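Single-letter residue listing:
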Amino acid sequence: MKKLCVFTISFSLLKFSLILCSLTEPSCFWRIKNNVDNDGDLRSDCGFVLLTMDWPIEEDFYNHVINFRIPARRYEGLLVMFFATDEINKNLYLLPNMSLIFSRIVGLCEDTFGLLDERYSPQSNDFNFINYNCGIRTNCDIELTGPSWMTSLKLAINSRRPKVFFGPFNPNLSDHDQFPYVYQIAIKDTCLSHGMVSLMLHFRWTWIGLAISNDDHGIQFLSDLREEMQRHGICLAFVNMIPENMQIYMTKAKIYDKQIMASSAKVVIIYGEMNSTVEVSVRRWVYLGAQRIWITTSQWDVIINKRDFSLDFFHGTVTFEHHHSEIAKLRNFIQTMNTSMYPVDISQTMLLWNYFNCSMSKNSNSKMDHFILNNTEEWTVQHKFDMALSEEGYNLYNAVYAVAHTYHELILQKVESQQMAGPKGVFTDCQQVSSLLKTRVFTNPVGELVNMNHRENQCAEYDIFNIWNFPQGLGLKVKIGSYFPCFPQSQQLHISEDLEWATGGTSVDMEHCVRCPDDKYANLQQTHCLQRAVSFLAYEDPLGMALGCMALSFSVLTVLMLVTFIKHNDTPIVKANNRILSYILLISLIFCFLCSLLFIGHPNQATCILQQTIFGVFFTVAISTVLAKTITVVMAFKLTTPGRRMRGMLASGAPNLVIPICTLIQLVLCGTWLVTFPPFIDRDIQSEHGKTIIICNKGSVIAFHFVLGYLGSLALGSFTVAFLARNLPDRFNEAKFLTFSMLMFCSVWITFLPVYHSTRGKVMVVVEVFSILASSAGLLGCIFVPKCYVILVRPDSNFVQKYKDKLHY
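Residues numbered from 1 in each chain as written. Predicted model: local features only at pLDDT ≥ 70, side-chain atom pairs only at ≥ 80, totals over all residues. Heavy atoms only, no water.

Engineer: How should the overall build of the chain be read in this particular structure?
Structural biologist: Looking only at helices and strands, the chain has 25 helices and 22 strands in total. Going through the 809 residues of the chain one by one, you find that 51% of them count as buried. Nonlocal contacts in the chain, meaning residues at least 24 apart in sequence, comprise 75% of its contacts between residues at least 6 apart. Here the chain displays about 39600 Å² of accessible surface, and carbon together with sulfur accounts for 58% of that area. (Helix = DSSP H or I, 4+ residues; strand = E, 2+ residues; numbered from the N terminus. Buried < 20%, exposed > 50% of the residue type's maximum accessible area, 1.4 Å probe, protein only. Contact = heavy atoms within 4.5 Å. Areas by Shrake-Rupley, 256 points an atom, 1.4 Å probe, with all protein chains shown as cover.)

Okay, structure coming up:
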């Protein structure tokens, strides 16, 4: 009675689905899976080796090659291999007078994990001599591996044989420095996050769960998706970062289960590999009865045997698959294939894994009364069917053609170079095979251009499918729309109008998602808004305290040097280097050190304005003073016979006019800045989670860079003049010290710019304060420390000979 009830409900639901299919034609497919593999087995990988030979294939060749029980999920791959090689062998222009055959990588299709464990276990007796040529020449036949990237990666270790990976695109395999012989045929997902967000906006789904793999690939997808969702006001209810390690996952599995079962989010995005902890996690959720809309990629198009199900239209899986053209000849090949030549029972193949065009039932609805689950085989034989090739199968189809074109080019090169001593279908130069495979560009039989060297298509179109799993291994797959990333935004997403009518345009999501105010942030569960803590570079912070102490210490040190110079103002070393300019430079450096204190503490409007103004003005005074000192040195030593006018200029201190002139120009720049767009208090809520950082916004970034640029030009001018005067004779010539001081000053601020623009929040303020202190300390140390050493430690050196033309200042 219970079985009859289940069947009645299943039959009713199937009839409803047929009506739906008639509305959403032409891409609607039934699929039926027998219980032989019992739903749960992690799917195995498979690998093939493509070879050429110059004689016809024996009729029972593949019966010897495929002599093992074929896993259900591998039937499609084998059918594609049979079809693609047969199609190529019938092509008069591709590999003429040659036969393209394939063999399997022994053990990989039957027991993927067992093979890898055996090959890479410490007990393995295989010897791998890296970077040694043992004189063994092996054939470089190209291998096709997939769909798991980890399996392909392990097979590529210490292997020079070229490999084409036909699984989903994975950036780990794109490192050609590490894996120079591995190539991918799949298209890279460049707009997947945009397409998913467009679908959410269309159905007004604003409260979304996310389960992704905790690896570089998953983190990058999370970053792209989060940015796109925030731009459109879509909220994340939870984010499950599933660890790759099974032991670590099992310690947290119940936490993930509780989170998704307790969440009110009805839509969950899944992003990760099959044969991984992500798949284990999803199967646990389905077993626990989590009825959600699962939005994911094509590799998650699987049948799950369910004992119970809901008539709610919205419970199912939505997959994004790269659009590919239909291979029209595939159906005819499968229906007419010679079963004695190929070791595949086509009726069993359809039972285990196939899709059937729903339109076949339009003219045979009367026969549905005779359809029972126990005679599925008889039903399938009576009807025509269209095999809907999966994205993985289409990638494998293209991979076979890529290899065929590579072999074709290799044979042509052999013929042209007259290197036909051995069989023309045998290739031993792996480097040559690999380089030709990498550069293959061809058009496949369905008209698609395939470029092996560039698999990133910014305009790759996506097909959107909805998949329902019913009891007894039945499934329904319906194309509900498409996504065109390069169309205008209003035309990118196309959803079937019939589907809109069937669903009534109702939004699944009834949660009210409200953005928190700027002074608050969402908790981890995103159920409440919490008050942000106010933060700034305070004196109580370790960094603030350290920078403040450094500024005060350098200021005190500068004051002590100034006192030392005033006390010893009559000594030759003080007089010889223009003591007035030295006093001005020391005083300006004191203010340069002290101005850094304006950046520490709670910002207000006054400090924001004074920060940049005082910094710009006093640094201009310091640099222009250095420029005046260098001009004085050059005028004093470069002119061997100065005239009266030159003597008058030096005696009157004309070079000192550089200081007020340069400072006046800086004052004009700062005044223009303050009048047009002055600095102001700003709040940064992005740099640190849960905190509002109070900072001073520069106002006009252009004006700030003008001030820095003007300082840089003065420093460059001072450095140039001092460099030219560095070798002038005299015991007390300070040109070398001025050169080093300007070199350090320029180095600090050139380093400052990229570091400053790559930081945010308090770190940005710390970088600017540190640059101010470092550049000021550089001037102080390079110019005045050597003089103080002479005055205090080596007073015996503090004398000057009586030069006849000695100048007094």
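Engineer: Whenever I open this one, the state of the cysteines confuses me. Can you help?
Structural biologist: A covalent bond between the sulfur atoms of two cysteines is referred to as a disulfide. What the rule picks out here adds up to three disulfides. Paired by a disulfide, C459 and C486 hold their sulfur atoms 1.8 Å apart. Residues C459 and C486 share a disulfide whose torsion about the S-S bond is about -85 degrees; that sign makes it left-handed. Pair noted here: C459 is in the loop between strand 14 (449-451) and strand 15 (462-469) and C486 is in the loop between strand 16 (474-483) and strand 17 (493-495), with a separation of 27 residues, a long-range link. Overall, C486 belongs to the partly exposed group, its relative accessible area being 44%. Through a disulfide, C608 is tied to C696; the S-S separation comes to 2.0 Å. With the S-S dihedral at roughly -80 degrees, the linkage between C608 and C696 falls on the left-handed side. Here C608, found in helix 19 (residues 605-638), pairs with C696, found in strand 22 (residues 691-697); they are 88 residues apart in sequence, far enough to count as distant. Across this residue pair, the class does not change: C608 and C696 are buried. (Disulfide = S-S within 2.5 Å.)

Engineer: Sorry if this is basic, but what is going on with the sheet that holds strand 21 (residues 680-684) here?
Structural biologist: The pairing of strands in a sheet comes from backbone hydrogen bonds and takes either a parallel or an antiparallel form. Strand order in this open sheet of three strands is 20-22-21, and the pairing throughout is mixed. Unpaired on one side and paired on the other, strand 20 (533-535) and strand 21 mark the two borders of the sheet. Taking each pair of neighbouring strands and ignoring which way they run, the sheet shows an average axis angle of 30 degrees. In the sheet, strand 20 pairs with strand 22 via three bridges, with the strands oriented parallel. When the bridges of strand 22 are listed, A533 appears paired with K691. (Pairing = 2+ DSSP bridges. Axes fitted to C-alpha atoms, helices over the stretch in contact; angles between N-to-C directions.)

Engineer: Would you mind showing me how to read the pairing of strand 4 (residues 143-146) here?
Structural biologist: Both faces of the sheet carry side chains from a regular strand, because those side chains alternate between them. By the alternation rule, side chains of strand 4 split into E143 and T145 and L144 and G146, which are all buried. Bridge count between strand 2 (residues 46-53) and strand 4: four bridges; the pairing is antiparallel. Each residue of the ladder has a partner; that of C46, found in strand 4, is G146. Bridging between strand 4 and strand 5 (residues 163-165) involves three bridges; their strand directions are parallel. Within strand 5, the position partnered with T145 by the bridge is F165. Handedness of the crossover is the feature at issue here: the chain leaves strand 4, passes through helix 5 (residues 149-156), returns alongside strand 5, and the resulting connection is right-handed. (Right-handed = clockwise from strand over helix to strand, strands pointing away.)

Engineer: What's the story with the nonpolar core in this structure? I'm lost.
Structural biologist: As a rule of thumb, soluble globular proteins bury nonpolar side chains together. Counting residues in hydrophobic clusters, the biggest one holds 64 residues, and the most contacted among them are F565, F615, F619, F745, W749 and F784. With residues near it in sequence (within four places) discarded, F615 still touches C595, L610, L708, L711, W749 and I772. Counting 55 residues, the second largest nonpolar core, distinct from the first, contains M53, I66, L78 and V450. (Core = buried A, V, L, I, M, F, W, Y, C linked by side-chain atoms within 4.5 Å.)

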